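As a plain string of letters, each chain reads:
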Amino acid sequence: MKEKIDINTWIRKDHFKFFSAFEEPFFGVTVELDCTMTYKEAKKQNVSFFLLYLHKSLIAANQVEPFRYRIIDGEVWKYDIINAAATINRPNGTFGFGYMDFSENFEDFRKAANQEIEKVRNSTGLIPSSSGENVIHYSALPWLNFTSLSHARNYAYQDSCPKISFGKLRDENERKIMSVSIHVNHALMDGFNVAQFVDYYQALLNNEEVNVPL
């Protein structure tokens, strides 16, 4: 389900019109997050670390309202739920796109995501996602500790889906640290909203109870 936002009465009316005129309206940041507690949690529960931190990022994104905004035919819509469109690596070095529905319950999310991962790994080709607009585009580069990242973009296509990429997990001062790149459409949100997401996500990675003002 989605709800149309009246741009004429929207508090971001001027910002939306200003940044919508840009050929490249996306901006991005790269942050380092502490994954120690979530890594230990994954090992203790014998579940995929990737799926656990991916699920927590979806929880955070769904809590920060602007991450659920999308531009469709020049209009702004707010989705009830945002899902994941993720790159799935194959043993032969290629990857395919997979679609994973969000569920607040991790076990439900994990079971469905594992089925999608197996389907992609046992297939060939890129498998263009038919997931629609209510997704975040995810990718993982577990071999690389990056400090910045850019994305391939088709400027002829009006894209407003956030893009989140995860880097290599590394040990630092007895902590598990991972770089995370976040790119979002500036017509829909600002740095403050990205900071909200990062703070909420870090708290979830720490297994803390948090309330982030939206």
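Residues numbered from 1 in each chain as written. Predicted model: local features only at pLDDT ≥ 70, side-chain atom pairs only at ≥ 80, totals over all residues. Heavy atoms only, no water.

## Overview of unusual backbone geometry
Right, so step 1: With phi around 50°, Asn-173 is a residue other than glycine that occupies positive phi space.
Right, so step 2: Of note, Asn-173 is situated in the loop between β8 (163-172) and β9 (175-185).
Right, so step 3: Of the residues examined, Asn-173 reaches a relative accessible area of 71% and is grouped as exposed.
Right, so step 4: Despite not being glycine, Asn-207 shows a phi value in the positive range, around 60°.
Right, so step 5: Topologically, Asn-207 is positioned in the segment after α5 (191-205). (Helix = DSSP H or I, 4+ residues; strand = E, 2+ residues; numbered from the N terminus. Buried < 20%, exposed > 50% of the residue type's maximum accessible area, 1.4 Å probe, protein only.)

## Description of helix α3 (residues 49-63)
Right, so step 1: Between its first and last C-alpha atoms α3 spans 22 Å; for 15 residues at 1.5 Å apiece the expected length is 21 Å, and the two agree.
Right, so step 2: Considered for burial, the residues of α3 that qualify are Phe-49, Leu-51, Leu-52, Tyr-53, Leu-54, His-55, Lys-56, Ser-57, Leu-58, Ala-60, Ala-61 and Asn-62. (Expected span 1.5 Å × (residues − 1).)

## So, the layout of surface pockets
Right, so step 1: Put simply, the second largest pocket is a space of about 310 Å³.
Right, so step 2: Along the wall of the second largest pocket there are 18 residues; nearest its centre are Phe-50, Asn-89, Arg-121, Ala-140 and Pro-142.
Right, so step 3: Only α3, β5 (83-89), α4 (106-121) and β8 provide two or more residues apiece to the lining of the second largest pocket.
Right, so step 4: Residue composition of the lining of the second largest pocket, grouped by class: 10 nonpolar, five polar and three charged. (1 Å grid on protein atoms, 1.4 Å probe; cavity = no way out; pocket = protein on both sides within 12 Å on 5 of 7 lines; lining within 4 Å. Points joined across faces, edges and corners; volume = space filled by probe spheres on them. Nonpolar A, V, L, I, M, F, W, Y, C, P; charged D, E, K, R; others polar.)

## Focus on the UniProt feature "active site" (unreviewed entry) in the chain
Right, so step 1: Residues annotated by UniProt as "active site" (unreviewed entry) correspond here to His-186.
Right, so step 2: With respect to the helices, strands and loops of the structure, His-186 is situated in the loop between β9 and α5.
Right, so step 3: The residues contacting His-186, other than those within four sequence positions of it, are Arg-12, Phe-19, Pro-25, Phe-26 and Phe-27.
Right, so step 4: Reaching out from His-186, the side chain makes a polar contact with the backbone oxygen of Met-189 at a distance of 3.0 Å. (UniProt positions renumbered as here; feature names shortened; annotations may be inferred. Contact = heavy atoms within 4.5 Å. Polar contact = N/O pair within 3.5 Å; in protein donor to acceptor, adjacent residues only side chain to side chain.)

## Comments concerning the pattern of salt bridges
Note that side chains of opposite charge can pair when their charged atoms are close.
Right, so step 1: Applying the stated criterion across every chain, the model contains 13 salt bridges.
Right, so step 2: The salt bridge involving Arg-12 is made with Asp-190; its shortest N-O contact spans 2.5 Å. Remark: Asp-190 occurs in the loop between β9 and α5 and Arg-12 occurs in the loop between β1 (2-5) and α1 (13-20); sequence separation between them is 178 residues.
Right, so step 3: Take Arg-12: its relative accessible area is 9%, and that puts it in the buried class. (Salt bridge = Lys/Arg side-chain N within 4 Å of Asp/Glu carboxyl O.)

## Quick word on the sheet that holds strand β7 (residues 135-140)
Right, so step 1: Read from one edge of the open sheet, six strands run β2-β9-β8-β7-β5-β6, paired in mixed fashion. Each having just a single partner strand, β2 (26-34) and β6 (95-100) make up the two edges of the open sheet. Between one strand and the next, the sheet's axes are offset by a mean angle of 25°, whatever the strand orientation.
Right, so step 2: In this sheet, β6 lies alongside β5 in antiparallel orientation, the contact comprising six bridges. Note that in β6 the partner of Ile-88 across the bridge is Gly-96. (Pairing = 2+ DSSP bridges. Axes fitted to C-alpha atoms, helices over the stretch in contact; angles between N-to-C directions.)

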